[in-house]
Every structure is written in C-alpha cells, then in structure tokens.
Amino acid sequence: MKKRIRDIILFSFIGIVIYFVFKDDYQEIFVSLKQLSVSQFIVLMIIEFVFLVFDALSCFILLRKHSKKIKFKDTLMLTFIGIFATIGTSNAGTIPIQSYFLYKKDIEPNFSLSAMTWECIFYKIGVLLLSIIGLVFNYEWIKKRIPDSLWIIEFGLFICLGFIIVLIGICSWKKMGDLIIKLLNKLPDKWHKKIETIENQIHRIYQSSKDIAFDWRTNIEVIGTQILRILSKTLLIYTSMVFLNIDVSMIQIIVLSIFMLLIVGFLPHVAGLGPIELSFVILFSSLMTSTQSHTALVLYRIFDYFIPFIMSVFVTVYFKKKIDKEKRVS
C-alpha cells in the first residue's frame, strides 16, 4: 500500500511537471503531429518493432542455451509481457510475471532470473561502449554545445560501469554476493523482509549463472544484438525529428540519444515515465527550439511508450486467456 501511495504521488508530480513544461506548446505540437502522413507513422512503427525484435532476439539467444523448446515467438511475447508488467506494476511485477511466463515454457525460475539479469548486464555494456565511443569522438563538440550536461554524461559512465561490475560480480563471484548481503544486513530491521528477498535472489542468480558467465560466444552475440537494439532506438529518435522537418545532424542525434539512454539508466522512474522526458529535453534543446524538442519528444514517446504498451495489453490478455483455458482443461 505504501509503495502504491508513493507511486501515485510521484506519478502526479511527474504529470504536473510535464504539464508546466509543455503547456505553452500544446497547440503547436498538435498541429505538427497532425501534418504527419500515414506512411510516416508506419515507418516509425516499423523502427520500434525492430527494436522490440532485437530485444526478443537477445532473450532468445540466452534462453535457447537452456531449453531447445523455446521459440523466438515465445521471447517476443515475453518482451511484450515485460512491457506490460513494467508499466502496469511500476516494475514491481516485471520479474515475477516474466518468470511465470517462462515457467510455463519449461524454464526454471532460477534460470529465468539469471537470464534476465544477464540481459540487463549486456544492455548496460552496449550503452557503455557506445557512450564511450560517442564521447571520445565528439568530446570537443559536446564540451562546446552542451557544457552543462558534460558532467552528467561522465557521471553516468561511472555509474553504468559500477552497475555492470557489481552485477557481474553477483553472477560470477560468490564473495561479491556475500559482501552485498553483509552490507544490506546493516540496514534497520524494518528492511529485514526485503533483504531476505534480495538475499534469496542473489543466491539464485549466482547458482544459475555459470552456464552464461563463461560462454564468451553467447555473450558477444547478445552484446552485439543489444548494440543493434540501442542503435534502432536512436534511429527512432532521429527519424521522428526528420519527419517533423527539424534540421539536425544524424550523427549528433544518435550520440545524444545514446547519452540519453545512459542518463536514464541511473534515474528513478514511475512506470517508465520521468527520466526520458527530462533527459530528452535537456540534451536536445541545445540543437533546436524548445517547441521542436517538445514535439519530437511527444512523437518519440508515442511510438516508444504508448503504442508498445497498448500492444502489450493485447499480448498479456491473450496469454492470460491461454493459461485460463489450460486450467479449465486440466
């Protein structure tokens, strides 16, 4: 109940902030979006679907090692169910719901948790690598164009690297997990129940990660897939701006989009809202007018957030009906 109240407060706060940020541009945003053609909407849909396909493909590569029964269409469903759970439960139900789906596909919960953790690690590695490349080859331009955001980008690199090191340590080095549990046990007693849950998850991840941790070929394949996934997301942002007739450089937009994903990784959110909107406006306002950046943000979020969520509702309902039918038959 406390978490739900907190989420409602945070969601309301984010809604109020978004209103005051966009309140002067609503009419122009609506006019700009109205001018888009059906073919342009279809192109943006295709790009977003490619992103989801790469997400599902990375899951498929990891899970296929454990079960030859798993099919690509299963991991595509898993991706949509994950979207529904992330938005519908504010992240709280993502792992349980996805684990249950995989359990119905004969994947043990322990391996499901491990695979989802490794996918997160590989995504972070992809973001980190692309961010470092973007920063090294565009440092002077970034320093000149968005000097106030440079420290945030550099801070994000350190946070992302630390996150990767800790997670890899938990998955492959027992002493790292024991150290984290020891530190958590120093927290007040009111956290005891949550600490027990985290401790259980850490042990489960470590025990089920051995097949993945040292399989370099699979690791490289998934990292490569995640990089393509990230680049498809940056392409969605760039294409949105092109369709809105915003004069921008493709390389610059891709680089800033990668930095946006880097920054989003260490900011708290409610049901996927907040960090993306904030980082998008901060980074892209330096290249265009505020109205243009707000319009591009709205268009991007329609295809990055709202449409995938609507699709995920249908997929999740289909899965639930299928489970209910199996229960009636049994």
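Everything below is about the structure shown above.
Source: prediction; values computed, not measured. (Residues numbered from 1 in each chain as written. Predicted model: local features only at pLDDT ≥ 70, side-chain atom pairs only at ≥ 80, totals over all residues. Heavy atoms only, no water.)

Some remarks on the pattern of salt bridges
Overall, the coordinates contain nine salt bridges when judged by the stated rule. A salt bridge links Glu-48 to Lys-233; the shortest N-O distance between them is 3.1 Å. Of this pair, Glu-48 sits in helix 3 (residues 38-64) while Lys-233 sits in helix 11 (residues 216-243); the two residues are 185 residues apart in sequence, bridging distant segments of the chain. In this structure, Asp-74 and Lys-105 form a salt bridge, with 3.4 Å as the shortest nitrogen-oxygen distance. Placement of Asp-74 in helix 4 (residues 72-88) and of Lys-105 in the loop between helix 5 (94-103) and helix 6 (109-145) is noted, with a sequence separation of 31 residues between them. You can call Asp-74 buried: its relative accessible area is 7%. (Salt bridge = Lys/Arg side-chain N within 4 Å of Asp/Glu carboxyl O. Helix = DSSP H or I, 4+ residues; strand = E, 2+ residues; numbered from the N terminus. Buried < 20%, exposed > 50% of the residue type's maximum accessible area, 1.4 Å probe, protein only.)

Description of unusual backbone geometry
The backbone phi angle of Asp-106 is positive, close to 65 degrees, even though this residue is not glycine. Within the secondary structure, Asp-106 sits in the loop between helix 5 and helix 6. For Asn-245, which is not glycine, the phi dihedral falls at a positive 60 degrees. Inspection of the secondary structure puts Asn-245 in the loop between helix 11 and helix 12 (250-264). Residue class for Asn-245 comes out exposed when judged on its relative accessible area of 68%.

As for the nonpolar core
Counting residues in each nonpolar core, the largest one holds 95 residues, and the members touching the most others are Ile-142, Met-241, Met-260, Phe-280 and Phe-284. The element contributing the most residues to this core is helix 6, with 14 residues. Setting aside anything within four residues of it in sequence, one finds Met-241 in contact with Ile-246, Val-248, Ile-253, Phe-280, Phe-284, Met-288 and Ala-296. (Core = buried A, V, L, I, M, F, W, Y, C linked by side-chain atoms within 4.5 Å. Contact = heavy atoms within 4.5 Å.)

Structural notes on the packing of helix 7 (residues 147-172) against helix 9 (residues 192-208)
It is at 6 Å that the axes of helix 7 and helix 9 come closest, and there the two elements cross at 70 degrees. Considered as vectors, helix 7 and helix 9 are oriented roughly perpendicular to each other. Residues Ile-170, Cys-171 and Ser-172 of helix 7 pack against Ile-202, Ile-205 and Tyr-206 of helix 9. Grouping the amino acids of the contact of helix 7 with helix 9 by side-chain chemistry returns five nonpolar, one polar and no charged. (Axes fitted to C-alpha atoms, helices over the stretch in contact; angles between N-to-C directions. Parallel < 35°, antiparallel > 145°, perpendicular 65-115°, else oblique. Nonpolar A, V, L, I, M, F, W, Y, C, P; charged D, E, K, R; others polar.)

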